[in-house]
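Observations on chain architecture
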Amino acid sequence: MENNVMLIAFESLFLLCLNFVLEKEEKKKWKEIKLLKKLEKERAREQMEKEREETKPTEEKGRHYTVSVAVPGSILSNAQSPELRTYLAGQIARACVIFCVDEIVVFEEQGETTKTIEGKFEGIRGKGQACVQLARILQYLECPQ
């Protein structure tokens, strides 16, 4: 009788251990299934993001227009010294930088044609040269340091 009781106790213990092992295996399977579903969702989301990026139109950088400012060269004629002329040209340049101006056009009000500012600069000779001086100072300011 004791052997039967012991046998039944061992059987029930064995069944409990077997049941415990089976429950652990089932939990592992469920965890694996959940992990696989999660990975599938992530892959699907990544695929959707890739498709969205591919379908986005490419954005061109920069503007499609140019901002220009026309400044009369005679504006320097009102300055009393060469230092003040340079200061005035610098202020014009600063204002143009603040407003993102792409191009500064210096024009002559008197109608004289000064087609180029190339060559050696020999100082201010009269009202006609203020235009050349302003253009030259702006060129110097444009150069990076």
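Under the annotation held in an unreviewed UniProt entry, the protein carries the name Methyltransferase C9orf114 and is attributed to Notechis scutatus.

1. Things to note about helix 2 (residues 82–98)
If you check helix 2, its first and last C-alpha atoms are 25 Å apart, about what 17 residues at 1.5 Å a residue would give, namely 24 Å. Inspection of helix 2 places Arg85, Ala89, Gly90, Ile92, Ala93 and Cys96 among the buried residues, and these make up the whole buried set. For helix 2, the arc enclosing every buried residue in end-on projection is 160°, short of the 170-degree limit, so these residues lie on one face. Turned more than 90 degrees off the buried face of helix 2, the exposed positions are Glu83, Tyr87, Arg94 and Ile98. Packed against the buried residues of helix 2 are strand 1 (68–72), strand 2 (103–107) and helix 3 (130–142). Following helix 2 by one or two positions, Cys100 has its phi on the positive side, about 55°.

Conventions adopted
Residues numbered from 1 in each chain as written. Predicted model: local features only at pLDDT ≥ 70, side-chain atom pairs only at ≥ 80, totals over all residues. Heavy atoms only, no water. Helix = DSSP H or I, 4+ residues; strand = E, 2+ residues; numbered from the N terminus. Expected span 1.5 Å × (residues − 1). Buried < 20%, exposed > 50% of the residue type's maximum accessible area, 1.4 Å probe, protein only. Arc of directions from axis to C-beta. Contact = heavy atoms within 4.5 Å.

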